[in-house]
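# Observations on the model geometry
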Amino acid sequence: MKTHLSIHAFKPKNKTIVTIGTFDGVHLGHQKILEQIISAAKSSDSESLVLTFFPHPRMVLQEGSEMKQLNTLNEKISLLENLGIDNLVVHPFDKDFSRMTAEEFVKEVLVDTFHLKKIIIGYDHRFGRNRTADINDLKTFGETYGFEVEQITVKQINEVSISSTKIRTALAEGNIERANEYLGYPYSLTGLVTKGQQLGRTIGYPTANITLEEDYKLIPQNGVYVAQCVLNGQTVFGMMNIGHRPTVNGTNQTIEIHFFDFNEDIYGQKITVSLLKRLRNEEKFPSLDSLKEQLNTDKTNAKSFIATLK
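My aim in this report is to walk through the structure given alongside it, one point at a time. (Residues numbered from 1 in each chain as written. Predicted model: local features only at pLDDT ≥ 70, side-chain atom pairs only at ≥ 80, totals over all residues. Heavy atoms only, no water.)

What follows is about the pattern of salt bridges. Side chains that carry opposite charge are capable of pairing whenever their charged atoms lie near each other. In total, this model carries 13 salt bridges according to the counting rule given. Between Lys32 and Glu159 there is a salt bridge, with its nearest N and O atoms 3.7 Å apart. Placement of Lys32 in helix H1 (residues 28-43) and of Glu159 in helix H7 (residues 154-173) is noted, with a sequence separation of 127 residues between them. One salt bridge in this structure joins Arg280 and Glu283, with 3.8 Å as the shortest N-O distance. Residue Arg280 is classed as buried on the basis of its relative accessible area, which comes to 12%. The class of Glu283 is partly exposed, set by a relative accessible area of 36%. Salt bridges sharing common partners tie together Lys32, Lys155 and Glu159. (Salt bridge = Lys/Arg side-chain N within 4 Å of Asp/Glu carboxyl O. Helix = DSSP H or I, 4+ residues; strand = E, 2+ residues; numbered from the N terminus. Buried < 20%, exposed > 50% of the residue type's maximum accessible area, 1.4 Å probe, protein only.)

Structure (structure tokens):
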């Protein structure tokens, strides 16, 4: 897949089959739609192209929006590449771009720049200044400028919407297994390994603190999770705590992971940790000894779950 960081950076060699959207999560519902794009491109000797925007339009147009997303931009790029899309155009979204009229967008972007052969889009897609144009306008433009318009079914659009809602709800509830089921892959967090207070070392559970690379990434509900990571080329399991560490009177939310059977120095590395199962809520214990006792139980439960994966 070729990634282009603006509309104008894309120089097509062939006609394109295009879809447009945020595709947050690139979940199973999205994947069905994207498979249509790929199939249509292959059958018509064209290139598949996904147009998306960064930052999310809502974050630009709705001041003060603190919208959290299922994917960082880098995660989304990786997921789309794995699906087999030919081209991804990530266009910087700003207020100037939002003021393009629908016809300017169609003529200047889709026709003149993308060499559009067909666009596959949802019935509810709106575009142009103030989002005034819809799929019927797009079909009219198609007749004028010579491209096809294929409508994604209402059923598929509803599946995408329901899936996104269910994923967000599941993550808010800490139901990581349900979220992963709808995503079609394990939900993950990526960040730099940084040093914390190193209190875990004193009770035999040293942890790596993870500082997320993007503040708009949706963090699942606080609690203890079974997690998986590839470190220095090997798959390593562990248990992750998301929360405020009430036993030691913590105030800020932290993400820290204790890896099983791994003792190498990874401070300063950027790692991606996949969440597989939630073990329990975060709790405040009366002492570090009682916390250690609970961590021993967590470790036993985590390893029992991991054994089922092999």
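Now that the structure is up, let's keep going.
What follows deals with H7. End to end, H7 covers 28 Å across 20 residues, agreeing with the expected 28 Å (1.5 Å per residue, within 8%). For H7, the full list of buried residues reads Gln156, Ile157, Val160, Ser163, Ser164, Ile167, Ala170 and Leu171. The arc enclosing the buried residues of H7, seen along the axis, measures out at 165 degrees, which places them on a common side. Residues Lys155 and Ala172 are exposed on H7 and point more than 90 degrees away from its buried face. Summarising the contacts, the buried residues of H7 are in contact with H1, strand E5 (116-122), strand E6 (148-152) and helix H8 (176-183). Residue Gly174 follows H7 closely and has a positive phi angle near 80 degrees. (Expected span 1.5 Å × (residues − 1). Arc of directions from axis to C-beta. Contact = heavy atoms within 4.5 Å.)

A few words on the packing of helix H5 (residues 102-111) against helix H6 (residues 135-145). Between H5 and H6, the shortest axis-to-axis distance is 11 Å and the interhelical angle comes to 50 degrees. It follows that H5 is oblique to H6 by the angle criterion. In this structure, the crossing between H5 and H6 has a hand that is right-handed. Along the contact surface, H5 presents Ala102, Glu103, Val106, Lys107, Leu110 and Val111, while H6 presents Leu138, Phe141 and Tyr145. (Axes fitted to C-alpha atoms, helices over the stretch in contact; angles between N-to-C directions. Parallel < 35°, antiparallel > 145°, perpendicular 65-115°, else oblique. Left-handed = near helix turned anticlockwise from the far one by under 90°.)

Considering the arrangement of structural elements, one finds Arg129 in the loop between E5 and H6. According to the relative accessible area criterion, Arg129 is partly exposed, its value standing at 40%. With 121 residues separating them along the chain, Arg129 and Gly250 place their C-alpha atoms 47 Å apart. Apart from residues no more than four positions distant in its own chain, Arg129 is found in contact with Ser98, Arg99, Met100, Thr101 and Ala102. For Arg129, the side chain forms a polar contact with the main-chain oxygen of Arg99, separated by 2.6 Å. (Polar contact = N/O pair within 3.5 Å; in protein donor to acceptor, adjacent residues only side chain to side chain.)

Here we come to the packing of aromatic side chains. Counting across every chain of the model gives eight aromatic pairs. Ring geometry for Phe105 against Phe127: centres 6.1 Å apart, planes inclined by 50 degrees, an arrangement best described as tilted. Remark: Phe127 occurs in the loop between E5 and H6 and Phe105 occurs in helix H5; sequence separation between them is 22 residues. Pair check on accessibility: Phe105 and Phe127 agree, each one buried. Seen in terms of ring centroids, Phe259 and Phe262 are 6.1 Å apart; in terms of plane orientation they differ by 70 degrees. Their pairing is edge-to-face. Over the ring of Tyr187 we find Lys217, and its NZ or CZ is 4.2 Å from the ring centre. (Phe/Tyr/Trp six-rings, centres within 6.5 Å; stacked < 30°, edge-to-face > 60°. Lys NZ or Arg CZ within 6 Å of the ring centre and 35° of its normal.)

Counting 43 residues, the largest nonpolar core has Met240 and Phe259 as the members making the most contacts within it. What Phe259 contacts, discounting residues up to four positions off in sequence, is Ala208, Cys229, Leu231, Val236, Phe237, Gly238, Ile266 and Ile271. Among the nonpolar cores identified, the runner-up in size contains 28 residues, and Val18, Met100, Val111 and Ile119 belong to it. (Core = buried A, V, L, I, M, F, W, Y, C linked by side-chain atoms within 4.5 Å.)

Taken in spatial order, the six strands of this open sheet run E1-E4-E3-E2-E5-E6, and their pairing is parallel. Each edge of the sheet is formed by a strand with only one pairing partner; in this case those strands are strand E1 (2-4) and E6. Within this sheet the neighbouring strands show an average axis-to-axis angle of 25 degrees, counted without direction. Relative to strand E4 (residues 87-92), strand E3 (residues 47-54) runs parallel, the two being bridged by six bridges. Opposite Val50, over in E4, you have Leu88 as the bridge partner. (Pairing = 2+ DSSP bridges.)

Such coordinate-based values are descriptive only and should not be taken to indicate function.
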